[in-house]
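Coordinates in review
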Amino acid sequence: MPDKFVIPTPRPGPFVLGPDAQRQAGVPRGTVTKAEWRSSIFPGTLRHYYVYVPAQYTPDSPANVMVFQDGWAYANEEGDARAPIVLDNLIHQRRMPVTIGVFINPGHFPPVAEGKDPVSNRSFEYDTLSDHYARFLLEELLPAIGEKYRLTPDAAGRGICGASSGGICSWTVAWQRPDAFSKVLSHVGSFADIRGGHVYPCLIRKTPKKPIRAWLQAGSNDLDCGWGNWSLANLEMASALNFVGYDYRLDYGDGAHDYKHGGATLPEALTWLWRT
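Described below are features of the structure shown in this document. (Residues numbered from 1 in each chain as written. Predicted model: local features only at pLDDT ≥ 70, side-chain atom pairs only at ≥ 80, totals over all residues. Heavy atoms only, no water.)

Points about helix α4 (residues 132-146)
The end-to-end C-alpha separation of α4 is 20 Å, in line with the 21 Å expected for 15 residues at 1.5 Å each. Taken as a whole, α4 carries its principal kink of about 30° at L138. (Helix = DSSP H or I, 4+ residues; strand = E, 2+ residues; numbered from the N terminus. Expected span 1.5 Å × (residues − 1). Bend = angle between axes of the 7 residues up to and from the residue.)

Details of the pattern of salt bridges
Counted by the stated rule, this structure contains 14 salt bridges. With a closest N to O distance of 2.5 Å, D88 and R23 form a salt bridge. Of this pair, D88 sits in helix α2 (residues 83-92) while R23 sits in the segment before β1 (31-38), placing them 65 residues apart in sequence. Look at D88 and you get buried, because its relative accessible area is 2%. Through salt bridges that share partners, R11, R249, D251 and E268 make up one connected network. (Salt bridge = Lys/Arg side-chain N within 4 Å of Asp/Glu carboxyl O. Buried < 20%, exposed > 50% of the residue type's maximum accessible area, 1.4 Å probe, protein only.)

What to know about the pairing of strand β9 (residues 213-219)
Counting buried positions along β9 gives seven out of seven residues, so the element sits mostly inside the fold. Side chains R213, W215, Q217 and G219 of β9 all project onto a buried face; the interleaved residues A214, L216 and A218 project onto the opposite face, where all are buried too. Alignment of strand β8 (residues 183-187) against β9, held across five bridges, turns out to be parallel. Bridge pairing in β9 places L185 opposite W215. In this fold, the crossover linking β8 to β9 by way of helix α6 (residues 200-206) has right-handed handedness. Here β9 pairs with strand β12 (residues 247-253) via seven bridges, running parallel. Note on β12: the bridge partner recorded for A218 is Y252. (Pairing = 2+ DSSP bridges. Right-handed = clockwise from strand over helix to strand, strands pointing away.)

Re the pairing of strand β2 (residues 46-53)
β2 sits mainly inside the fold: seven of its eight residues count as buried. By the bridge criterion, eight bridges tie β1 to β2 in an arrangement that is antiparallel. Directly across from T31, in β2, lies its bridge partner V53.

Topic: the packing of aromatic side chains
Applying the stated criterion across every chain, the model contains 15 aromatic pairs. Pairing Y57 with Y149 gives two aromatic rings, centres 5.8 Å apart and planes at 80°, and the pair type is edge-to-face. A residue pair is termed long-range when its members are at least 10 positions apart, and Y57 in the loop between β2 and β3 (64-69) and Y149 in the loop between α4 and β7 (158-163) qualify at 92 residues. In this structure, Y57 and Y149 share a single accessibility class: buried. Ring centres of Y133 and F136 lie 5.3 Å apart, and the angle between their planes is 55°; on these two criteria the pair is classed as tilted. Note that Y133 and F136 are positioned in helix α4 at a spacing of three residues, about one turn of the helix. Judged on exposure class, the residue Y133 and its partner F136 are both buried. An aromatic cluster is present here, built from F42, F124, Y126, Y133 and F136 joined pairwise through their rings. Over the ring of F136 we find R47; its NZ or CZ atom is 4.4 Å from the centre of that ring. (Phe/Tyr/Trp six-rings, centres within 6.5 Å; stacked < 30°, edge-to-face > 60°. Lys NZ or Arg CZ within 6 Å of the ring centre and 35° of its normal.)

Things to note about the environment of P97
Along the chain, P97 falls in the loop between α2 and β4 (99-104). In this structure the C-alpha to C-alpha distance between P97 and R275, which are 178 residues apart in sequence, comes to 9.4 Å. Apart from the residues lying within four places of it in its own chain, the contact partners of P97 are N64, I91 and W274. (Contact = heavy atoms within 4.5 Å.)

Quick word on the nonpolar core
Counting 51 residues, the largest nonpolar core has L137, W171 and F181 as the members making the most contacts within it. Beyond its immediate sequence surroundings of up to four residues, F181 is in contact with V67, L137, L138, L142, A155, R158, G159, I160, V173 and A174. (Core = buried A, V, L, I, M, F, W, Y, C linked by side-chain atoms within 4.5 Å.)

As for unusual backbone geometry
Here G13 and P14 are connected by a cis peptide whose omega angle stands at 0°. Locating P14 in the fold gives a position in the segment before β1. If you check the backbone angles, R94 has positive phi at about 60° while not being a glycine. Here R94 lies in the loop between α2 and β4.

Comments concerning the environment of Q56
As for its placement among the helices and strands, Q56 is situated in the loop between β2 and β3. It is 8.0 Å that separates the C-alpha atoms of Q56 and G30, two residues lying 26 residues apart in sequence. Residues in contact with Q56, not counting those within four places in the same chain, are P28, I91, H92 and V98.

Structure, rendered in structure tokens:
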């Protein structure tokens, strides 16, 4: 049996970006290309996505893949995560293998009337506990990207990341398709009763262990509302993973519902997830 789960003392902030999230002299710079996609699995939706290709990529061998939900937030090089810069540095330092990053925004529908904003499909896509989002990745978007770049089909070479509802979405994708994704990075994941996600700790405890490695970042000052308590929900997730014997890490701090802690520890988390 694994060691008894002990709630850790929250890591104190402030959480600041380190050198791995800064441009470094002599580090080859990858490219980021923006595109859009109309989904048939989520009919009527349009979304933008970004593809990061490291400078070290060649078609001679398949690249690993890291998918990011709410792609705009992770791809923003002036934001709290700055994932393209982090990937450049970690790949250069050989703390990660050559990895193509896929940064995907949630789908949206056209405005219902002139002058109105598009209608977001984010919660349906991210918070639903079905295989729809996994199918969207595996049947639509990744095959299209694979027509241009050589991507590994091996689950051991595929990871997925997101924050809030994007965090539970990342877990759901790997939970539904552990044959296709083996690594999960969840920042302040919404394991709450938005669309039933609060059931995961019990499901994990009652289901034979799946080949998933998971890093959960959570904050003691996260949301507490009618859908649930985000901090407690993430502690329940970590306790369940510990009970079953998963390869997991809980990064528990005193932060709130934002990208600051997760962004500051993104290099550490990616290094841990991709360790051999």
